[in-house]
Amino acid sequence: AELPAAVQRLWGGSSLDLERMAGWLSTCVRELAGSGERMHGLLLAYRDREGHCDVPSRHEEQGARLGDWLSKQRTAFKRGRLESRRVRALEAAGVVWDVLAEQWERNYALLRAYREREGHANVPASHVEEGERLGTWLRTQQKRYQARGWSEEERKAKKASPMSDEEVGRLEALGVVWDVFAEKWERSYALLRAYREREGHARVPQGHVEEGESLGGWLGTQRQRYQA
């Protein structure tokens, strides 16, 4: 059938060319759909093997860039451009759309478990809990708390996103201290006071350790600060 004149003007080609183009587009659509199904299958295989769908962005599965593909699915979801059937399929597989929020919740749960076990939330900087660098994560939260008082320029320069009021409240409920140095000073001071009451003086030997704290070293540091 002859193409309408308006379509011919827009297309600029013959009916045969248009048919060829339609066939090419149809083939591309089928190939893309097939590719999507293959990637979904690789994602399921990854999940069954690893126990989760948190695929690293650069991860390749059987030669396919699975991590990059999953990142694109998340981007499409955030922009509202991911098909509803694809959304349902990925959610059924266990895909989390907001990875950062999911990581925050996991570390928060680990911190709560740590507090219940140790009696406090003063996690050492190098501490690892169930494979997660909990100490590093907590230092990042303390930095984010400080960022609440920074200007936008300072936040960008130090690459810190300010903490929300909800996050602050939840961490404070676990006993998290924002000024670690001030908290450590107060603890050492309390230990020094207990030492004096027990020994009758505050001349703590340099190498003395009190309740796991290097009290002698701390007192030496305070003398240096006084002299300075």
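Up top is the structure.
Below you will find a few notes about this structure. (Residues numbered from 1 in each chain as written. Predicted model: local features only at pLDDT ≥ 70, side-chain atom pairs only at ≥ 80, totals over all residues. Heavy atoms only, no water.)

1. A look at the packing of aromatic side chains
The criterion, for reference: Under the pairing criterion, centres of Phe, Tyr and Trp rings, with the six-membered ring standing for Trp, must be within 6.5 Å; the plane angle then separates stacked pairs below 30 degrees from edge-to-face pairs above 60, leaving the rest tilted. Note on conventions: DSSP H or I runs of at least 4 residues are helices, E runs of at least 2 residues are strands, and numbering of each starts at the N terminus. Burial classification: accessible surface area is computed with a 1.4 Å probe over protein chains only, and a residue below 20% of its type maximum counts as buried, one above 50% as exposed, and the rest as partly exposed. Only when the NZ atom of a Lys or the CZ atom of an Arg is both within 6 Å of the ring centre and within 35 degrees of the ring normal do we say a charge sits over the ring.
Counted according to the given criterion, the structure contains 6 aromatic pairs. Between the aromatic rings of Phe77 and Trp97, the centroid separation amounts to 4.1 Å while the plane-to-plane angle is 10°, which identifies the pairing as stacked. Taken together, the residues span a long stretch of sequence, with Phe77 in helix α3 (residues 66–78) and Trp97 in the loop between α4 (84–93) and α5 (99–118) at a distance of 20 residues. Given the relative accessible area of 11%, Trp97 is considered buried. Consider the rings of Trp185 and Tyr189, whose centres lie 5.5 Å apart with planes at 10°: the pair is stacked. Here Trp185 pairs with Tyr189, and both are found in helix α9 (residues 180–199), just 4 residues apart, close to one helical turn. Given a relative accessible area of 32%, Trp185 falls into the partly exposed group. Tyr189 sits in the partly exposed class, given a relative accessible area of 36%. What links up through ring pairs into an aromatic cluster is the set Trp104, Tyr108 and Trp137. Over the aromatic face of Trp150 sits the side chain of Lys158, whose NZ or CZ is 4.3 Å from the ring centroid.

2. Describing unusual backbone geometry
Notably, Lys159 is not glycine yet its phi reads approximately 50°, a positive angle. Turning to its location among the elements, Lys159 is positioned in the loop between α7 (152–158) and α8 (165–173).

3. Points about the pattern of salt bridges
Two side chains carrying opposite charge are able to pair once their charged atoms lie near each other. We apply this condition: The term salt bridge refers to a side-chain nitrogen of Lys or Arg lying within 4 Å of a carboxyl oxygen of Asp or Glu.
Scanning all chains against the criterion turns up 16 salt bridges. Here Arg85 ties to Glu83 by a salt bridge, and the two come within 3.4 Å at their closest N and O atoms. Using a relative accessible area of 40% as the deciding quantity, one classes Arg85 as partly exposed. Here Glu83 falls in the partly exposed class, since its relative accessible area comes to 45%.

4. A short note on the environment of Val96
Convention followed: When checking whether two residues touch, look at their non-hydrogen atoms; a contact exists if any pair is within 4.5 Å.
On the secondary structure map, Val96 appears in the loop between α4 and α5. Here Val96 falls in the partly exposed class, since its relative accessible area comes to 21%. Contacts of Val96, omitting those with residues within four sequence positions, involve Arg74 and Glu102.

5. Overview of the side chain of Arg74
Rule in force here: Within this scheme the basic residues Lys and Arg register as positive and the acidic residues Asp and Glu register as negative, but His and the chain ends are omitted. Side-chain atoms alone can form a polar contact between residues adjacent in sequence; in general such a contact is a pair of N or O atoms within 3.5 Å, and within protein one must be able to donate a hydrogen while the other accepts it.
Positionally, Arg74 belongs in helix α3. Summary of buried charges: Arg74 has no salt-bridge partner, and the nearest side chain of opposite charge, Asp54, is 4.4 Å away. One polar contact links the side chain of Arg74 to the main-chain carbonyl oxygen of Val96, over a distance of 2.8 Å. The residues contacting Arg74, other than those within four sequence positions of it, are Cys53, Asp54, Val95, Val96, Trp97 and Val99.

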